[in-house]
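# Examining the three-dimensional arrangement
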Amino acid sequence: MNFLSEYIYYIGAFGLIFIGLFIVLVKKNLIKVIIGLSIVDTGINLFLITLGYIKSGTAPIFSEPGLKADNMVDPVPQALVLTAIVIGVAVLALALTLAIKLYKHYGTLDLRKIKEQKW
Amino acid sequence: MEIILLILVFLMIVSAISALIFKDLMNAVIASCVVSLIASILFYFLQAPDVAMAEAAIGAALVTGIFVIAVKRTKRFEE
Amino acid sequence: MRKLIAIILLVIIAGGIVLSLKEIPFGISRTKIGDYYIKKGIEETGATNIVTSVVVSYRGFDTLGEITILFTAAIGLGAVLGTYRKRKAGEKVEPASFIVKTGCRFLFPILLLVGAYIFIHGHLTPGGGFQGGAIIASAFLLMYLGCEGKRIKENTSIVVETLGALTFIVLGIIGLTIGKDFLFNFLPKGEPNTLLSAGIIPIIYIAIGFKVGSELAGIIDHLIEKNQ
């Protein structure tokens with residue numbers, strides 16, 4: 001039980017990364033693959049925030065004038081993850097428009113059939 | 001407190017596995033929205049309120065909206 | 001066959017990760033730069049939200065790169081999708097139900113107000129430009145789903161987006177012309193925990209909020225309407 005309460009966040013983050021990687025490696029439909037990509041993004045952001053946590057720390061905001069500066073969590077991974085979430089949504093929007101164009105051109109979204117077609 | 005954390009992480013992994021299994025693409029998109037929402041709650045437990053707000057607004061609302069529009073313009077079922 | 005190879009590969013990677021995670025204990029502080037930003041944050045920048053001061057003031061150049069990536073994605077989307085098509089005469093769009101219609105008309109101004117509140121108070125409370133901009137884009141998505149036939153004019157969204165980006169870059173260049181670095185904080189810092197404090201940080205976040213909101217609403221507008 002002690003082991004579980006120490007490592008529960010790591011198990012959650014890596015579980016998401018492995019399930020997302022399995023979807024990208026195995027599935028045939030293009031939109032399923034893009035859903036898997038989005039799940040991998042969420043897992044990696046969760047792992048980065050877990051690395052910055054300090055036990056019994058508080059959020060890094062001085063909301064009252066007399067708050068002391070000891071025991072706050074690390075603010076640098078939070079700034080990096082904020083950027084990473086916005087970049088993730090930009091990449092996803094572009095990938096989905098390319099999928100729409102592929103469907104209009106070939107008539108199917110099955111990756112095995114698209115690879116076999118000639119020009 | 002640990003029991004709530006265990007239940008939330010278990011629900012997140014079950015939703016991710018059901019995004020793998022469903023054949024109707026609308027159901028898979030809604031499962032990925034649930035994964036994003038539970039990740040936003042976990043960000044709050046890790047004392048990061050800025051990141052929780054960003055993940056809830058962008059990951060759960062806008063990405064799901066864009067996916068639903070894309071599924072409507074292509075096929076709905078896998079195969 | 002493919003599933004078996006994928007499972008074996010993932011099990012090998014998982015074994016390697018479990019062996020190396022034993023060296024990373026959970027909940028112990030690791031870097032020294034976080035301590036420096038927390039201790040010297042208020043007297044050097046004046047913002048009480050330390051994450052905001054890291055994103056805008058200490059690492060402001062990375063935020064400029066992120067805005068460029070969003071802009072490139074929006075341009076690529078518009079270029080790939082093609083041109084407009086006028087709706088044909090007999091084509092019917094199914095109208096939304098009664099609850100969605102009334103609800104969207106009631107919620108739209110409230111959502112705009114909440115989004116504006118979040119990006120104006122970015123340096124005092126959790127929030128900021130990106131979160132506020134995403135809420136404004138969700139308000140426009142609700143308007144497309146509920147009320148029928150209303151669209152934002154394309155010229156308005158282009159003008160707002162360009163003005164937001166120009167404000168950011170002009171503020172940075174003013175810092176260069178004084179004689180110090182790019183994005184130097186040249187306005188007075190004021191008292192912490194009040195609205196008009198922290199130099200140029202609230203102005204930059206307001207510009208980013210407008211830009212991100214109109215850009216994401218423009219992406220959704222392209223995806224719904226552009227058709228060939």
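See the structure shown above.
Everything numeric in this text was worked out from a predicted model, so none of it was measured.

## Comments concerning the overall build of chain A
Secondary structure summary: chain A contains four helices and zero strands in total. Scanning chain A from its N terminus toward the C terminus, one meets helices and strands in the order α-α-α-α. The C-alpha radius of gyration of chain A comes to 20 Å, more than 25% above the 14 Å expected for a compact globule of 119 residues. Taken over the C-alpha atoms alone, chain A extends approximately 70 × 35 × 15 Å along its principal axes. Considering only contacts within chain A whose residues lie at least 6 apart along the sequence, 47% involve residues at least 24 apart. Accessible surface, chain A: about 5500 Å² in total, of which carbon and sulfur atoms supply 66%. Each charge sign in chain A was given a centre, from 11 positive and 7 negative side chains, and these centres are 20 Å apart.

## Regarding the pattern of salt bridges
In total, this model carries five salt bridges over all chains according to the counting rule given. When the shortest N-O distance is used, the salt bridge between Lys-32 of chain A and Glu-78 of chain B registers 3.3 Å. Taken together, the residues Lys-32 of chain A in helix H2 (residues 30-51) and Glu-78 of chain B in the segment after helix H3 (49-73) connect one chain to another. Its relative accessible area of 0% is what places Lys-32 of chain A among the buried residues. Take Glu-78 of chain B: its relative accessible area is 10%, and that puts it in the buried class.

## A short note on the nonpolar core
Of all hydrophobic cores here, the largest spans 114 residues; its most connected members are Met-12 and Phe-67 of chain B together with Ile-204 and Ile-208 of chain C. A total of 13 residues in this core trace back to one element, the largest contributor, which is helix H3 (residues 76-106) of chain A. Once you skip the residues sitting within four places of it in the chain, Met-12 of chain B turns out to touch Gly-12, Leu-16 and Leu-46 of chain A together with Val-35, Ile-38, Ala-39 and Leu-42 of chain B.

## Description of the environment of Val-33 of chain A
Residues and elements named next belong to chain A. As for its position among the elements, Val-33 is in helix H2. Look at Val-33 and you get buried, because its relative accessible area is 16%. In sequence terms Val-33 and Leu-102 are 69 residues apart; their C-alpha atoms lie 14 Å from each other. Apart from residues no more than four positions distant in its own chain, Val-33 is found in contact with Ile-23, Val-24 and Lys-27.

## Description of the interface of chain A and chain B
Contacts between the two partners involve 45 residues from chain A and, on the opposite side, 39 residues from chain B. If you sort the residues of chain A by the area they bury against chain B, Tyr-9, Lys-32 and Ile-35 of chain A come out on top, with a joint share of 15%. Where chain A touches chain B, the interface holds one salt bridge. Inspection of the region where chain A meets chain B yields five residue pairs in polar contact (both at pLDDT 80 or more). The dominant element in the side of chain A that touches chain B, judged by the number of residues it contributes, is H3 of chain A, at 12 residues.

## Some details on the interface of chain C and chain B
Opposite the 18 residues of chain C that make contact, chain B presents 12 residues. Note on chain C versus chain B: buried area summed over both sides is about 1300 Å², and carbon and sulfur give 73% of it. On the chain C side of the interface with chain B, the three residues burying the most area are Pro-126, Gln-131 and Leu-223 of chain C, jointly 37% of the side's total. At the boundary of chain C and chain B, one finds zero salt bridges. Connecting chain C to chain B are three residue pairs in polar contact (both at pLDDT 80 or more). Taken together, the elements giving at least two residues each to the side of chain C that touches chain B come down to helix H6 (129-146) and helix H8 (201-225) of chain C. Among the elements that line the side of chain C that touches chain B, the one with the most residues is H6 of chain C, at six residues.

## Let's talk about the packing of aromatic side chains
Residues and elements named next belong to chain C. With the rule as written, the count across this model stands at 13 aromatic pairs over all chains. Where Tyr-36 meets Tyr-37, the ring centres are 6.2 Å apart and the plane angle is 55°; that geometry is what we call tilted. Judged by centre distance (5.7 Å) and plane angle (65°), the ring pair of Phe-108 and Phe-140 falls under edge-to-face. Of this pair, Phe-108 sits in helix H5 (residues 98-120) while Phe-140 sits in helix H6; the two residues are 32 residues apart in sequence, bridging distant segments of the chain.

## Concerning a positive patch on the surface
Together, Lys-28, Arg-112 and Lys-115 of chain A, Lys-23 of chain B together with Arg-2 and Lys-3 of chain C give the surface a local cluster of positive charge. Mapped by element, the contributors of at least two residues to the positive patch are helix H4 (111-116) of chain A together with helix H1 (2-21) of chain C. Tracing the chain through its elements places Lys-28 of chain A in the loop between helix H1 (2-26) and H2. Among the residues examined, Lys-28 of chain A registers a relative accessible area of 37% and is labelled partly exposed.

Each value, and the rule that gives it
- Residues numbered from 1 in each chain as written.
- Chains lettered and ligands numbered in written order.
- Predicted model: local features only at pLDDT ≥ 70, side-chain atom pairs only at ≥ 80, totals over all residues.
- Heavy atoms only, no water.
- Helix = DSSP H or I, 4+ residues; strand = E, 2+ residues; numbered from the N terminus.
- Rg over C-alpha atoms; globule rule 2.2 N^0.38 Å.
- Contact = heavy atoms within 4.5 Å.
- Areas by Shrake-Rupley, 256 points an atom, 1.4 Å probe, with all protein chains shown as cover.
- Lys, Arg positive; Asp, Glu negative; His and termini not counted.
- Charge placed at Lys NZ, Arg CZ, Asp CG, Glu CD.
- Salt bridge = Lys/Arg side-chain N within 4 Å of Asp/Glu carboxyl O.
- Buried < 20%, exposed > 50% of the residue type's maximum accessible area, 1.4 Å probe, protein only.
- Core = buried A, V, L, I, M, F, W, Y, C linked by side-chain atoms within 4.5 Å.
- Buried area = accessible area lost by both parts, 1.4 Å probe.
- Polar contact = N/O pair within 3.5 Å; in protein donor to acceptor, adjacent residues only side chain to side chain.
- Phe/Tyr/Trp six-rings, centres within 6.5 Å; stacked < 30°, edge-to-face > 60°.
- Patch = residues over 30% accessible without salt bridge, like charges linked within 9 Å, V, L, I, M, F, W, Y side chains within 5 Å.

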